[in-house]
Amino acid sequence: MLSAVLWALTLTAVLAQSVRGRVTDATTKSAIPGATIVVANTNIGATTDVNGDYTLKVNPGSYTLRVSFVGYETLSVPVTIGNGEAVANASLKETSSALSEVVVIGSRSQTARTNVQTAAPVDVITTKELKGFPQVDISQVLNYVAPSFNSNRQTVTDGTDHINPASLRGLGPDQVLVLVNGKRRHTTALVNINGSVGRGSVGTDMDVIPVSAVERIEVLRDGAAAQYGTDAIAGVINVVLKKNYTGFSASLTGGQNMTTMKYMIPNSNGGSDQKTQKINDGSLIQFDFTKGFRLGSQGRLSVSGQYNNHDRTNRSADDNAPTIYLGSAGGFPTTPAGQDATAFRQNLITQDKAIIQQRGYDRHNMIVGNSNAQNLGLFINGGIPTNSKSEFYFSGGITHRSGTGYGNNRVPNSRNQQPLKLDGSLYYPDGFLPGIQPSINDQSLILGYKTMLGKWNAEVSNVIGRNSIAYTIVNSANASLPANDSPQTTFDAGSLSFLQNTFNLDFSRRFIASNNATLNVAYGGEARFENFQIKAGESGSYSGDPTRVLPIAPPLSGTVVAAPGSQVFPGNQPTDAINKSRNSQALYLDLEGEKGRLLLGAAGRYEHYSDFGSTINGKLTARLQITPAIALRGSASTGFRAPSLHQRYFQNTSTQFVNGLPSNTLTLNNDSPIVRNVIGVDALKPETSVNIAAGVTARAGRAFTLTVDAYQIDITNRIVYSGSFTRAQLGFSTTDYPGVNLVRFFGNAVNTRTRGIDIVGSERLTVGKGQLVLTAALNFNKNTVTGINSTPLIDDPKNNPADANPSTWYRTSLFDRNQISIIEDYLPRSKWNLSATYTIGKFDISARTVRFGEVKFKTATDPDAKKADGTYWNTQFARDETGHAYIDQTFKPVWITDLIVTYRATKAIGVTLGANNIFDVYPDQIYIDPRNALGSTDYASGRDNSNRGRFLYQPNQGGYNGRYVFGRVSVNF
């Protein structure tokens, strides 16, 4: 049998001949990259490269080639192939009947539809948009292209520094489903537990996929859990890999930030000083490539790779703590009895300043910005037809990422964090800046076979994916270990891993009635297995003497209990280690019928999980063509999101900074007796949702399109990461969880409502001898927490006394106003994307501006809470004349503009120069309380959110790195 197969492949290869050609625009005569060429009545096809060229291999004979591209009329080209190479060029004319990219997401119908013909809104991001601008990661590309998508790099957030949390329609990273070639992709092993967007969630790392491997990205902005299963509450992102690619393409990109950062800091005289930093950092080198191969006569294989190395950025300001070597971190020690507080503090500042000068200490002691990282990835995508109606297909990838992110600086007077030498002196006499070096590995593989069984399309597939993160802590220490002249400073802090395997069996068929009405029937099943593991770190990363005491900083005497574990990131303990699995099974039915101007759809899905039971969800869609140019569309659906294994079983101790001071926070898993019995939180159950959407699509003239879609998403039992419960609230004894200050957990704690509207328009014009493409994509979005799901213990009046400060209430600890703010206000409530691209001759000139709407910060401690007599409970906050506390801050919108010029020097070589944020725009500065000016004797770090003056900006309005310039050389053969 093997010999026969090899003989057949060899014979086919010998007989096959080549047909090549170029596809161009009939008006401008410019090449059309990405056009599709298919040999009629076969599975043989190809796509044009950047120069519009293609090559096919077929046996001698007469054929008809069908040449198509979005926005152009499909052309049939006859060709006869003899013993030599044949040439078949095609010149396509624009049409008004195919105005946008054909999409496959959101429907299992076999009818090809553009994004203005679908029953639900879909954005399509093409190769040109992916590669034409400065962004080199998929999440950052989408952030500047897709109207309702947000993803910004975070800082000082442990692993989240290296895996960008992404959001669709302002919801969590785990409420959007990511597919690759229409198949479910696995999530990461990371749980976002720091104060970033998506806090408490588990997302999907799309940046492991090389941009060079991607043909297009489809963003379905509609609830689709009834079609695709869990996580699709906000929508679905489908990454389509290159298929039928021929030739070789590669690009080399280099760039860096060239920016001037101007900011204001208060001074001790009651005024403010402007500071200016001229910065060149964040250098980037990226190389990517794609090579297409033929497997036999009709098989295909695309191999794509990417190497990315970007250096860190730093946008921090100086530490404004009153003292560095003496006293206490983040404030002043208690004034000794009988001394004047102001005089004592001023004397302490003077003495400390003398030591600073003697030691040459630099108060610029933090790195607040993007971490450095190296990313190396390789992806394949291919298929081998077994006959004219069947194909075996495969795709997969391997990616490795490493880098270094930093935590908060440990100053010398933070004595509970400082390791001691044998003589009692500090091992780090000038403090230290600990770093986290994660090693992230990601692997995936898709295998499938599709064929015809009678008149039914049948497909079987299996997808397996794994993501792992191993943490190494550097330039650190464990202060609870015995004194040592050479203490351990590098630690293995353990690892996380997540594996997912999904098996699908799908059938579909399109029925056509005599009156031309059609009905597409699709049904199938899915079986999924998931495994989540936590592995403990080495003993030095978490162990030590829980009662070890260290001397406090002079001039006062006394001791302080040493903080256990490696500083910045205590290692996973053996009690944290887990190995948990679950499985699920699903059945679905998807119907879509069309008659004349009316399109109707219905989908239902039953899913059973081994850890919480079953769920049934449904979806109805409709589209009515009012006129040839205008259509109405809408949908209504129920959805769900299964609690991730991470949220069920994750447990660790992390160092989180509260009011500028470190605090070891214990995250207990949902099965913990403390969570279940003491706090009374039930086992996690699925989030459920109801999604309603309505919209209108329009097209006019030759190429103008407009879509307007409004939506409402109600989510019940949303899973969140709780606020902080103190040891006293939970009744811990001194021997319970030594070194732990606060406790947090996961629970179905809130209900939310999301309302918004998306507006997307585009126009293509002939201007002079070139073509101008104009696009506008706008999103307006509002998230509201509509309810808090509490427990009897938390709601007990004795735990929320009316005569006590609300910041001490159990209800506040469950979900404080800062956590509400992260959901409601931490992402822009609007985003506008306006772009123009002009193509003339060998030049492409692109300009784009993105408006990131306002965001807000609210502190956990309510500054507006009042006593019965009308006075404020929390008097530490500065206020304006109306009583508003400055710490609650609104950051006004920012406009970030890109400008890019591409010159196609030859058929094979293109050169691009440009800049992101060309006008060097920064967001509003984080408020710094004037009383916290350097040298002030009235200092308290908790009065503002600047972390002792070092954090100047929040990251969620397109970042805060300033201007970035770049150059790119591309080759295509």
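Residues numbered from 1 in each chain as written. Predicted model: local features only at pLDDT ≥ 70, side-chain atom pairs only at ≥ 80, totals over all residues. Heavy atoms only, no water.

J.: Any chance you could explain the overall build of the protein chain here in plain terms?
T.: Tallying secondary structure elements over the protein chain gives 11 helices and 47 strands in all. Rg of the C-alpha trace for the protein chain: 30 Å, near the compact-globule value of 30 Å for 973 residues, within the 12% margin. Across the 973 residues that make up the protein chain, the buried fraction comes to 57%. Within the protein chain, counting contacts between residues at least 6 apart in sequence, those at least 24 apart form 71% of the total. Put simply, the protein chain shows about 37,300 Å² of open surface, and 57% of that area lies on carbon and sulfur atoms. (Helix = DSSP H or I, 4+ residues; strand = E, 2+ residues; numbered from the N terminus. Rg over C-alpha atoms; globule rule 2.2 N^0.38 Å. Buried < 20%, exposed > 50% of the residue type's maximum accessible area, 1.4 Å probe, protein only. Contact = heavy atoms within 4.5 Å. Areas by Shrake-Rupley, 256 points an atom, 1.4 Å probe, with all protein chains shown as cover.)

J.: Where do I start with the nonpolar core in this structure?
T.: Across soluble globular proteins, you tend to see nonpolar side chains buried next to one another. Core analysis: the biggest nonpolar cluster contains 35 residues, and Ile138, Leu142, Phe149, Met206, Ile209, Ile217 and Ile237 have the highest contact counts within it. Among the elements of the structure, α3 (138-145), β13 (166-168), β14 (176-180), β16 (214-220), β17 (235-241) and β36 (704-721) are those that each provide at least two residues to this core. Per-element accounting of this core gives the leading share, 4 residues, to α3. Setting aside its immediate chain neighbours within four residues, Ile209 contacts Ile138, Val180, Arg185, Val214, Val239, Leu241 and Phe379. Counting residues in each nonpolar core, the second largest holds 27 residues, with Ile163, Ile193, Val202 and Ile440 among its members. (Core = buried A, V, L, I, M, F, W, Y, C linked by side-chain atoms within 4.5 Å.)

J.: For this particular structure, what's the right way to read unusual backbone geometry?
T.: In most cases, non-glycine residues show a negative phi, while peptide bonds are predominantly trans. Omega for the bond connecting Pro554 with Pro555 falls within 30 degrees of zero, at 15°, which places this linkage in the cis form. Examined against the element boundaries, Pro555 turns out to sit in the loop between β27 (549-551) and β28 (559-561). With a phi angle near 55°, Asp158 is a residue other than glycine that sits in the positive phi range. Of the residues examined, Asp158 reaches a relative accessible area of 11% and is grouped as buried. You will see that Asn717, though not glycine, has its phi angle at about 60°, which is positive. Summarising the element assignment, Asn717 is placed in strand β36.

J.: For this particular structure, what's the right way to read the sheet that holds β16?
T.: Hydrogen bonds between backbone groups are what pair the strands of a sheet, and the pairing can be parallel or antiparallel. The strand order β11-β16-β17-β14-β15 describes an open sheet built from 5 strands, whose pairing is mixed. Edge strands, defined here as strands with exactly one partner in the open sheet, are β11 (122-126) and β15 (183-184). Of the strand pairs in this sheet, β14 and β17 are connected by 5 bridges, and their pairing is parallel. Paired with Leu177 across the bridge in β17 is Val236. Across the sheet, α3 touches β11, β16 and β17, and the angle it forms with β16 is around 55°. (Pairing = 2+ DSSP bridges. Axes fitted to C-alpha atoms, helices over the stretch in contact; angles between N-to-C directions.)

J.: Is there a simple way to explain a nonpolar patch on the surface in this structure?
T.: A contiguous nonpolar patch, built from Ile384, Phe392, Leu445, Leu447, Tyr449, Val460, Ile464, Phe503 and Leu505 and spanning about 660 Å² of accessible area, is present on the exposed surface. Of all elements in the fold, only β23 (435-453), β24 (456-474) and β25 (491-512) reach the threshold of two or more residues within the nonpolar patch. Per-element tally for the nonpolar patch: the top contributor is β23, with 3 residues. One can find Ile384 in strand β21 (residues 372-387). (Patch = residues over 30% accessible without salt bridge, like charges linked within 9 Å, V, L, I, M, F, W, Y side chains within 5 Å. Salt bridge = Lys/Arg side-chain N within 4 Å of Asp/Glu carboxyl O.)

J.: Whenever I open this one, the packing of aromatic side chains confuses me. Can you help?
T.: We describe a pair of aromatic rings using the distance from one ring centre to the other and the angle between the two ring planes. The final tally for this structure, using the stated rule, is 22 aromatic pairs. Taking 5.7 Å as the distance between ring centres and 70° as the angle between the ring planes, the aromatic pair formed by Trp456 and Tyr523 counts as edge-to-face. Placement of the pair is Trp456 in strand β24 and Tyr523 in strand β26 (residues 518-535), with a sequence separation of 67 residues. Note on Trp456: relative accessible area 22%, which makes it partly exposed. In this structure Tyr523 comes out as partly exposed when scored by relative accessible area, which is 35%. (Phe/Tyr/Trp six-rings, centres within 6.5 Å; stacked < 30°, edge-to-face > 60°.)

J.: I'm lost on the side chain of Gln889 in this one. Help?
T.: As for its position among the elements, Gln889 is in strand β44 (residues 889-891). In this structure Gln889 comes out as buried when scored by relative accessible area, which is 15%. There is a polar contact of 2.9 Å between the side chain of Gln889 and the backbone nitrogen of Tyr927. Residues contacting Gln889, with those up to four places away along its chain left out, are Val855, Lys856, Phe857, Gln925, Ile926 and Tyr927. (Polar contact = N/O pair within 3.5 Å; in protein donor to acceptor, adjacent residues only side chain to side chain.)

J.: Can you walk me through the pattern of salt bridges in this structure?
T.: Side-chain pairs of opposite charge can arise whenever the charged atoms involved come near each other. Taken as a whole and judged by the stated rule, the model has 42 salt bridges. Between Arg221 and Asp758 there is a salt bridge whose closest N-O contact spans 2.7 Å. Note that Arg221 is positioned in the loop between β16 and α4 (225-228) and Asp758 in strand β39 (residues 746-767), a separation of 537 residues in sequence. The burial state of Arg221 is the same as that of Asp758; both residues are buried. Notably, a salt bridge pairs Lys858 with Asp825, separated by 3.9 Å at the nearest N-O pair. Of this pair, Lys858 sits in the loop between β43 (855-857) and β44 while Asp825 sits in the loop between α11 (817-824) and β41 (830-840); the two residues are 33 residues apart in sequence, bridging distant segments of the chain.

J.: Whenever I open this one, the pairing of β26 confuses me. Can you help?
T.: Consecutive residues of a regular strand have side chains that alternate between opposite faces of the sheet. As paired elements, β25 and β26 share 18 bridges and run antiparallel to each other. When the sheet's bridge partners are listed, Asn504 is paired in β26 with Glu526. Hairpin connection of β25 to β26: 5 residues between the antiparallel strands, including Asn516 at a positive phi of 75°. In this structure, β26 lies alongside strand β29 (residues 578-595), joined through 17 bridges in antiparallel fashion. Along β29, the bridge assignment pairs Gln533 with Asn579.

J.: What's the story with the sheet that holds strand β5 (residues 61-68) in this structure? I'm lost.
T.: Within the open sheet, the 4 strands sit side by side as β3-β2-β5-β6. Their pairing is antiparallel. Every interior strand has two partners, whereas the edge strands, β3 (45-47) and β6 (75-81), have only one. Neighbour to neighbour, the strand axes of the sheet diverge by 20° on average, direction disregarded. Examined bridge by bridge, β5 and β6 share 7 bridges and lie antiparallel to one another. Bridging from a neighbouring strand, Arg66 pairs with Ser76 of β6.

J.: Got a minute to help me understand the confidence of the model for the protein chain in this structure?
T.: Close reading of the predicted structure is inappropriate where its pLDDT is low. With 94% of its residues at a pLDDT of 70 or more, the protein chain has an overall mean of 89. Per-residue pLDDT stays below 50 along residues 1-15; that stretch engages in 5 contacts with residues further than four places along the chain or on separate chains. Of the regions scoring below 50 in pLDDT, residues 96-101 engages in 27 contacts with residues more than four places distant in sequence or in other chains. (pLDDT = per-residue confidence, 0-100.)

J.: Honestly, the pairing of strand β32 (residues 630-641) in this entry has me stumped. Any pointers?
T.: Pairing between strand β31 (residues 613-625) and β32: 7 bridges, direction antiparallel. When the sheet's bridge partners are listed, Lys619 is paired in β32 with Ser637. Here β31 folds back onto β32, and the loop between the two strands holds 4 residues. In the sheet, β32 pairs with strand β35 (residues 687-700) via 12 bridges, with the strands oriented antiparallel.

J.: I keep staring at the side chain of Asp898 and nothing clicks. Help me out?
T.: Mapped onto the secondary structure, Asp898 falls in strand β45 (residues 894-904). A polar contact is formed between the side chain of Asp898 and the side chain of Asn916, at a distance of 2.6 Å. Not counting the four nearest positions on each side in its chain, Asp898 is found in contact with Phe133, Pro134, Gln135, Tyr144, Ser846, Ala847, Arg848, Ala915, Asn916 and Asn917.

J.: Hey, could you run me through helix α5 (residues 341-359) in this one?
T.: Think of an α-helix as turning once every 3.6 residues; residues three or four places apart then point the same way. In a regular helix each residue adds 1.5 Å, so 19 residues correspond to 27 Å; α5 covers 27 Å between its end C-alpha atoms and thus fits that length. All of the buried residues in α5 are Phe344, Leu348, Ile349, Asp352 and Ile356. One face of α5 carries all of its buried residues, which in axial projection span an arc of 130°. In α5, the exposed positions that point more than 90 degrees away from the buried face belong to Lys353, Gln357 and Gln358. For α5, the capping residue at the N-terminal end is Asp340, with a side-chain oxygen 3.2 Å from the backbone nitrogen of Thr342. Gly360, located one to two residues past α5, shows a positive phi value of around 70°. (Expected span 1.5 Å × (residues − 1). Arc of directions from axis to C-beta.)

J.: Got a minute to help me understand the environment of Val67 in this structure?
T.: Topologically, Val67 is positioned in strand β5. Residues Val67 and Ala35, spaced 32 residues apart in sequence, show a C-alpha to C-alpha distance of 7.0 Å.

J.: Would you explain the environment of Asn164 in this entry?
T.: Along the polypeptide, Asn164 turns up in the loop between β12 (149-151) and β13. Residues contacting Asn164, with those up to four places away along its chain left out, are Ser139, Gln140, Ser151, Arg153 and Asp207. At a separation of 3.3 Å, a polar atom in the side chain of Asn164 contacts the side chain of Ser139.

J.: Explain α11 to me, please; I cannot follow it from the model alone.
T.: Within α11, 7 of the 8 residues are buried, which leaves it mostly tucked inside the rest of the structure. Residues of α11 that are buried include every one of Arg817, Asn818, Gln819, Ser821, Ile822, Ile823 and Glu824, and no others. Taken together, the buried residues of α11 touch β36, β39, β40 (770-788) and β43. Where α11 begins, one side-chain oxygen reaches toward the backbone nitrogen of Asn818, 2.9 Å away; that side chain belongs to Asp816.

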